[in-house]
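Summary of structural features
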Amino acid sequence: MTELTNLTVAQIRDGHRAGDFSAVEVAEAFNANVAGAKALNAFIVETPDHALAAAKQADADRSAGSLKPLSGVPIGMKDLFATNGVQTTAASHMLEGFVPRYESTVSAKLWDAGCGMLGKLNLDQFAMGSSNETSYFGNVISPWKRNDGGNAALAPGGSSGGSSAAIAARLCPAATGTDTGGSIRQPAAFVGISGIKPTYGRCSRWGIVAFASSLDQAGPMARDVRDCAIMLENMAGFDPKDATSLDLPVPNWEAALSSDLKGKKVGIPKEYRLEGIDPEIDAMWDAGIAMLKDAGAEVVEISLPHTKYALPTYYIIAPAEASSNLARYDGVRYGLRDLPQGAGLQDMYAATRADGFGPEVKRRIMIGTYVLSAGFYDAYYTQAQKVRTLIARDFDNAFAHCDVILAPTAPSAAFGLGEKTADPLSMYLNDVFAVPASLAGLPAMSVPAALNREGLPLGLQIIGKAFDEQGVLNAGLAIEERAGFTARAEKWW
Amino acid sequence: MTDYRIKGETGEWEVVIGLEVHAQVTSNAKLFSGAATAFGAEPNSQVSLVDAAMPGMLPVPNRECIRQAVRTGMAIEAEINKWSRFDRKNYFYADLPQGYQISQLYHPLVGEGSLTIEEDEKAGIPEAKRIGIERIHVEQDAGKLMHDQHPTMSYVDLNRSGVALMEIVSRPDMRSPAEAGAYVRKLRSILRYVGSCDGNMEEGSMRADVNVSVRKPGDEFGTRTETKNVNSVRFVMAVIEGEAKRQVELIESGGTVVQETRLYDPDRNETRSMRSKEDAHDYRYFPDPDLLPLELDDAFLAECRASLPELPDAKRARYLGEGISAYNADVLTAEVEAALWFDTLLEAGAKPVAAANWVTSELFGALNRLGRDIADSPVSPAQAAELLGLVADGTISGTIAKQVFEKMLESGDGAAAIVDREGLKQTSDTGAIEAEIAKVLAANADKVEQYKGGKEALFGFFVGQTMKAMQGKANPQVVNELLKKALG
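Please read these numbers as outputs of a predicted model, since none were measured by experiment.

**Topic: the overall build of chain A**
What chain A contains, in helices and strands, is 15 helices and 11 strands. Radius of gyration (C-alpha) of chain A: 21 Å, near the 23 Å computed for a compact globule of 493 residues. Each principal axis of the C-alpha atoms in chain A carries an extent, and together these give about 65 × 55 × 50 Å. A total of 493 residues make up chain A; the buried ones form 65% of that total. Considering only intrachain contacts with a sequence separation of at least 6, the fraction spanning at least 24 residues in chain A is 77%. Of the roughly 16300 Å² that chain A leaves accessible, carbon and sulfur atoms contribute 52%. Averaging the coordinates of the 43 positive side-chain charges in chain A and doing the same for the 54 negative ones gives two points 2 Å apart.

Given below as structure tokens:
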């Protein structure tokens, strides 16, 4: 029998259903992997009992003939999702020790579908970062190493870096992520797994610690496209508790998976050919184009003329929303409170927030506060909103000529931890290809496509029309089948 | 035009007043959460996860609160914006869990409207006046700090946090404390008719920010001050009087009025500075990204309009058309409960003019004496209609009606039953009346002489004497006729 922790979500689901193994065996195998991988620092809290309890229930349900869609599948939960009775920190000192008495809609749906929780996954603090280095609980280390004989610790990407590392290291078969400006896709690309950010509004934001409300969107990360489809089906759905939730039925994405792209048009945005980019990225992109042609698609060049404004636009809108969303962490009702002797209310705010937020979070709060200030609001925020509209219109125009768009996920492979921390701008640049789809609220996924010369994974990104997750998944599947990406990180932890 | 003027050393000053009234929307649930809104509940017993701004919580607009604000807008004949949007007003305070208040700065739900204050000569309002209302927007209320619970700390009660408020912003159209008072009373009356706010100023359901400036008549507007959270009509008027006087004295002594926020201290009847414009907050307003723009469809608006009751102005006009005096019409329409009670009385068949006189004098007098509201009047409109019917058809006289009403209040019995039981029916029996007239004239021969000598005013005396002899039960018209005949 293959090692249970090498199985995909679909294989665990089907194998459990067929009686090949018990859910408890699966949970125990993953619990053991989690316990043995402390060196990766992928989890902030481990919850082996939660996984086991769900597994026992899954086994009982199997005996009773009442299996649920994901019975027997243990998963990792990004520590941005509120979990009832389990510490929820957003990887911040501010929320260290905070135990919610409520369950996020997405996690509740997964538990209802039969999943168990292996633990709360590490991330960039308040989901702000692209390398996981802003976590208060220490950075996650990617299971991958360069093949140069060196032993440099690499970034697992961010902000969903705990999710990406845990899946790549076989600590869980799938995990939740959230994507505000690439936080699912970039870490997925960095560790050679798949991840999809659905259309804005597909997954409820209720119970997810907010970063930038108009951009935040939950999605699954897993080893392959099918698993992403299965997970997304069990995460998505209208939620009356989220006013921005889409009131649409959830399609059966898994059942409709098809890598036959005959009659489909794939758009290649010319503005994504960046000056001075690593030629390996362009080569991978060209290989991806060939794969989609091979799957029957017609390839057309398209133009997204406002692409170069996407990153600056994102870094106005996201911090603006964050500066307001994070105002609630004030030491008054929950979380950290620093109340120096004799301090008044203002002193308490200052001390609590100075201590509770890390440098990147403070940087974004300050940027956001600045761009919303009287006298600057129109020049920054209003202007950024206008550009955001133009970027969305670019996509509308492009989708008049194609069904999906193919592009690289990130401009580089995983970088070394510490390599970019001194220069926030170069860190921000890592999301250059991911941010436009976020600003437009479009579904987008990353699938592993190749290894670079250093032996590190590279990912291709598929961007779809609003609500067309199916088109995105299908194109992803066509690449997956042709790329034959089977590489995995050698265990060193 | 009102001629309210402050007399300063340099001449007369005109006062310019604008009011921002915060009215709590009548709703079982808060603006963006399902938590309850009852007044006076145990601290922090009406707080949802959303109201406490727990991590990951999201606001969802409460349709009923929007509906009430739209109906209010329609009641002041305002433009209803089918597309509006919520903005965040960012500031830190311990009673504001989110760190921002969800409000509407850029695109309010309700646009330009107005209301009319009635003439009130006694109060110095010589003619009816239209007061412009710039907008109504909806927003969240904050919680409440309690400073008396602990020697060194303040406590926070979040029961009110997230409760829906309408902010009703007037134009600077008022020129005297009396006009401002009339405006608040009229607005309160409309809100209570519509049912969108209980108007209870003591419980804080309605409070006003009072903007005051002074100028020499005909000059440009002066610099205004804003006195926050004034919670009675009397205080609104006191604030304006005091603040206008303070500003005039300040200017005349060489100072300048600074734009600032002030607080009113009712115990000392004075305002004091809270903060000036220089240290005003930068609220960093921006559209709330948790909420989509609010779009209202025609069916929703039609339902809102159809659900509006007859409003005070329309009711007043109807009463005037039925011959009711302006004074009575004002009194009857001021409070929705009284107006509804009166309308029920009319529906039960009472004649408008007589009914209006009776309600404003007899009924209100009795309620006043008993310390009761009209809502729990011991006499129902149907019972009152029965009583007034007996007067109208001549069964009893107005004088007897007063006695019957007293007995109704005491016993709760119906008017007809009391009249029967007590034998109070009016008589038109000419024989009996003529017999009493003969006695009265015989007993007052001197007065009969005077009357016949031209002192016709004595006629009333004979009527009174005859009625007295008949114990009030004689039909006054018959008495008149028979007396005239007897006196030749």
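**What to know about the overall build of chain B**
A count of helices and strands for chain B gives 15 helices and 16 strands. Over its C-alpha trace chain B gives a radius of gyration of 30 Å, far above what one expects of a compact globule, namely 23 Å for 488 residues. Here chain B holds 488 residues, and 52% of them are scored as buried. If you take every contact in chain B between residues at least 6 apart in sequence, the share linking residues at least 24 apart comes to 68%. As presented, chain B carries roughly 22300 Å² of accessible surface, and 50% of it is formed by carbon and sulfur atoms. Of the side-chain charges in chain B, 55 are positive and 75 negative, and the distance between the mean point of each set is 2 Å.

**Concerning the sheet that holds strand S15 (residues 286-287) of chain B**
With antiparallel pairing, 3 strands are arranged side by side in an open sheet as S5-S4-S15 (chain B). The two strands at the open ends of the sheet, each matched to only one other strand, are strand S5 (100-103) and S15 of chain B. Taken together, the 4 bridges between strand S4 (residues 87-90) of chain B and S5(B) define a ladder with antiparallel strand orientation. Note on S5(B): the bridge partner recorded for Lys89(B) is Gln101(B). Running over the sheet, helix H9 (residues 310-325) of chain A touches S4, S5 and S15 of chain B and is turned about 60° from S4(B).

**A few points about the nonpolar core**
By size, the foremost hydrophobic cluster in this structure holds 172 residues, and its most contacted members are Leu110(A), Phe126(A) and Leu406(A). With 9 residues, H9(A) is the single largest residue contributor to this core. Ile66(B), Ile136(B), Phe342(B) and Ala385(B) belong to the second largest nonpolar core, which has 107 residues in total.

**Quick notes on the packing of aromatic side chains**
Counted under the stated rule, the structure contains 29 aromatic pairs over all chains. Ring centres of Phe461(B) and Phe462(B) lie 5.6 Å apart, and the angle between their planes is 70°; this geometry places the pair in the edge-to-face category. Classification of Phe461(B) as partly exposed rests on a relative accessible area of 26%. An aromatic cluster is present here, built from Phe98(A), Phe126(A), Tyr329(A), Tyr334(A) and Phe357(A) joined pairwise through their rings. Its guanidinium or amino end placed over the ring of Tyr100(B), Arg88(B) lies 4.0 Å from that ring's centre, counting from NZ or CZ. Above the ring of Phe461(B), the side-chain terminus of Lys447(B) is found at 4.9 Å from the ring centroid.

**Here we look at the interface of chain A and chain B**
A common way to express how large an interface is: the accessible area buried when the components associate. Listed per partner, the contact involves 37 residues of chain A and 32 residues of chain B. Summed over both partners, the interface of chain A with chain B buries about 2800 Å², with 61% contributed by carbon and sulfur atoms. One can count 1 salt bridge joining chain A with chain B. Across the pair Asp290(B) and Arg205(A) runs a salt bridge whose closest N-O atoms are separated by 3.0 Å. The interface formed by chain A and chain B includes 17 residue pairs in polar contact (both at pLDDT 80 or more). At the level of elements, H9, helix H10 (345-356) and helix H12 (377-398) of chain A are the ones that each hand at least two residues to the side of chain A that touches chain B. A total of 5 residues in the side of chain A that touches chain B trace back to one element, the largest contributor, which is H9(A). Each residue belonging to the side of chain A that touches chain B can be placed in one class, and the counts come to 20 nonpolar, 9 polar and 8 charged.

**Notes on the packing of helix H12 (residues 430-443) of chain B against helix H15 (residues 476-486) of chain B**
Residues and elements named next belong to chain B. At a minimum axis distance of 10 Å, the contact between H12 and H15 shows a crossing angle of 50°. One way to sum up the angle between H12 and H15 is to call them oblique. Judged by the twist between their axes, the crossing of H12 over H15 is right-handed. Across from Thr 430, Ile 433, Glu 434, Ile 437 and Leu 441 in H12, the residues of H15 making contact are Val 478, Val 479, Leu 482, Leu 483, Lys 485 and Ala 486. Residue composition of the contact of H12 with H15, by class: 8 nonpolar, 1 polar and 2 charged.

**Digging into the layout of surface pockets**
All names here are of chain B. Space inside the second largest pocket adds up to approximately 780 Å³. As for the second largest pocket, its lining consists of 27 residues, and the residues nearest its centre are Glu 118, Asp 120, Arg 185, Asp 330 and Ala 334. Elements represented by at least two residues in the lining of the second largest pocket include exactly strand S6 (113-117), helix H2 (177-194), helix H5 (312-321) and helix H6 (326-334). Of all the elements, H6 adds the most residues to the lining of the second largest pocket, at 6 residues. The class makeup of the residues in the lining of the second largest pocket is 10 nonpolar, 4 polar and 13 charged. Each of domain 1 (6-300) and domain 2 (310-422) accounts for three or more of the residues forming the lining of the second largest pocket.

About the cut-offs
- Residues numbered from 1 in each chain as written.
- Chains lettered and ligands numbered in written order.
- Predicted model: local features only at pLDDT ≥ 70, side-chain atom pairs only at ≥ 80, totals over all residues.
- Heavy atoms only, no water.
- Helix = DSSP H or I, 4+ residues; strand = E, 2+ residues; numbered from the N terminus.
- Rg over C-alpha atoms; globule rule 2.2 N^0.38 Å.
- Buried < 20%, exposed > 50% of the residue type's maximum accessible area, 1.4 Å probe, protein only.
- Contact = heavy atoms within 4.5 Å.
- Areas by Shrake-Rupley, 256 points an atom, 1.4 Å probe, with all protein chains shown as cover.
- Lys, Arg positive; Asp, Glu negative; His and termini not counted.
- Charge placed at Lys NZ, Arg CZ, Asp CG, Glu CD.
- Pairing = 2+ DSSP bridges.
- Axes fitted to C-alpha atoms, helices over the stretch in contact; angles between N-to-C directions.
- Core = buried A, V, L, I, M, F, W, Y, C linked by side-chain atoms within 4.5 Å.
- Phe/Tyr/Trp six-rings, centres within 6.5 Å; stacked < 30°, edge-to-face > 60°.
- Lys NZ or Arg CZ within 6 Å of the ring centre and 35° of its normal.
- Buried area = accessible area lost by both parts, 1.4 Å probe.
- Salt bridge = Lys/Arg side-chain N within 4 Å of Asp/Glu carboxyl O.
- Polar contact = N/O pair within 3.5 Å; in protein donor to acceptor, adjacent residues only side chain to side chain.
- Nonpolar A, V, L, I, M, F, W, Y, C, P; charged D, E, K, R; others polar.
- Parallel < 35°, antiparallel > 145°, perpendicular 65-115°, else oblique.
- Left-handed = near helix turned anticlockwise from the far one by under 90°.
- 1 Å grid on protein atoms, 1.4 Å probe; cavity = no way out; pocket = protein on both sides within 12 Å on 5 of 7 lines; lining within 4 Å.
- Points joined across faces, edges and corners; volume = space filled by probe spheres on them.
- Domains from an automatic or database assignment.

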